[in-house]
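Listed below are the residues making up each chain.
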Amino acid sequence: MAVDARAKALKAAGENVIGFGAGEPDFPTPAAIVEAAVEACRDPKNHHYSPAGGLPELKEAIAAKTFRDSGYQVLPGQVLVTNGGKHAVYNTFLTLLNEGDEALLPAPYWTTYPEPIRLAGGIPVVLPTDGSSGFRVTVEELEAARTPRTKILMFVSPSNPSGAVYPPDEVKAIGEWAAEHGIWVVTDEIYEHLVYGGREFTSIVTAVPELADKSVVLNGVAKTYAMTGWRVGWMIGPADVVKAATNLQSHATSNVANVSQRAALAAVAGDLSAVAEMRAAFDRRRLVMFERLNDIPGIECLEPEGAFYAFPDLRGLLGRDFGGTRPTTTAELAEVVLDHAKVAIVPGEAFDAPGFARLSFALSDDDLVEGVDRIAKLVAESGD
């Protein structure tokens, strides 16, 4: 978001900046969802406080949607509606972690995950992955990192930022390992509908049902329904955990804005036709970005399997001369690319993966091509 903010500031100053930084769809929220919000504004019952844990009808719809999309059957009492996905992450870690508890965190990871772990007194234990494993952690690596203090595994598929999608057999193996050792699994499923190339999303709780008593599923409407600004997420878990998290939320924020909840209800209770249209566009763009990035000497990029990010290896560009500047880190390289090519990318340091960068393909086809072409031109003009 810091990269995106700087890019927007340059745009405001009249610069023609192309941003690959923001992690949000470039589509508007589907019209039917917006109309539901308009109607909600007119209904006086939405002008007042509502239950801190979420509107009962929305919790019921989330439970139904979860069963529809992942096969995981839960009760409405196992759902807490939160102020966006980040709030669900924060509530979950603050509810589950005690001082000194360890949380296994495969890297690259979304930048928010380690911070609420620390705020809760926990210790993030980072497990680096790279392109050789498709940015996927193995059971053997998890076992090597396990200690008597290990309490939680943070599991994400499809992944932000890497775009990795774990195959069903790997999801099952990791879930069985966690269940065997009594480790909680916190799984972020917010990109569940954005998988490509014949791959499939697998919910770890569905793959390993015995995890249900020690798992929390995080999700929200932001990515699937192009609703990042509406701020509606949720956590699903054992009833006692959700009750505790609801108590926490009642003192922190109380209910999510009712109009946003009514919009979210229209989203999760509706069909997935708008989602299919967005996914088709993302699928097309990911292949364009994948091919064009790999055409640039010094850049290597795995094919994105899910979400809407490419995560290229830029180490082949470090140390080169870009107009008198020789970046030695991808953070420095990102500054060079923004200054000289007017293209915003997110350096891998943000995700505990130095040497890589995240480029979102949730932007128009024309801007995507123009942005990658600018990077290619900058690289072509650089020197050893």
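Before reading on, note that the structure itself is shown above.
Residues numbered from 1 in each chain as written. Predicted model: local features only at pLDDT ≥ 70, side-chain atom pairs only at ≥ 80, totals over all residues. Heavy atoms only, no water.

Enquirer: How should the sheet that holds strand β11 (residues 346-347) be read in this particular structure?
Expert: Read from one edge of the open sheet, three strands run β9-β12-β11, paired in antiparallel fashion. Strand pairing shows two members of the sheet lacking a second neighbour, β9 (309-310) and β11, which therefore form its edges. As paired strands, β9 and strand β12 (residues 357-360) are joined by two bridges and run antiparallel to one another. Residue Ala310 lies in a different strand from β12, and its bridge partner there is Leu359. (Pairing = 2+ DSSP bridges. Helix = DSSP H or I, 4+ residues; strand = E, 2+ residues; numbered from the N terminus.)

Enquirer: Can you walk me through the pattern of salt bridges in this structure?
Expert: Side chains carrying opposite charge are able to pair once their charged atoms draw close together. For the structure shown, the criterion picks out 25 salt bridges. With a shortest N-O distance of 2.9 Å, Asp339 and Arg6 are connected by a salt bridge. With Asp339 in helix α12 (residues 330-341) and Arg6 in helix α1 (residues 2-12), the pair connects residues that are 333 residues apart, well separated along the chain. The exposure class of Asp339 is partly exposed, given its relative accessible area of 38%. Between Lys65 and Asp69 there is a salt bridge, and its shortest N-O distance comes to 2.7 Å. Pair noted here: Lys65 and Asp69 are both in helix α3 (residues 56-70), with a separation of four residues, about one helical turn. (Salt bridge = Lys/Arg side-chain N within 4 Å of Asp/Glu carboxyl O. Buried < 20%, exposed > 50% of the residue type's maximum accessible area, 1.4 Å probe, protein only.)

Enquirer: Hey, could you run me through the pairing of strand β7 (residues 215-220) in this one?
Expert: Within a regular strand, side chains alternate between the sheet's two faces. For β7, the buried fraction is high: six of the six residues fall into the buried class. Burial along β7 is two-sided: Ser215, Val217 and Asn219 and Val216, Leu218 and Gly220, pointing in opposite directions, are all buried. Where strand β6 (residues 184-188) and β7 come together, four bridges link them in parallel fashion. Within the sheet, the bridge partner assigned to Thr187 lies in β7 and is Val217. As paired strands, β7 and strand β8 (residues 233-236) are joined by four bridges and run antiparallel to one another. Following the sheet pairing, Gly220 is matched in β8 by Gly233.

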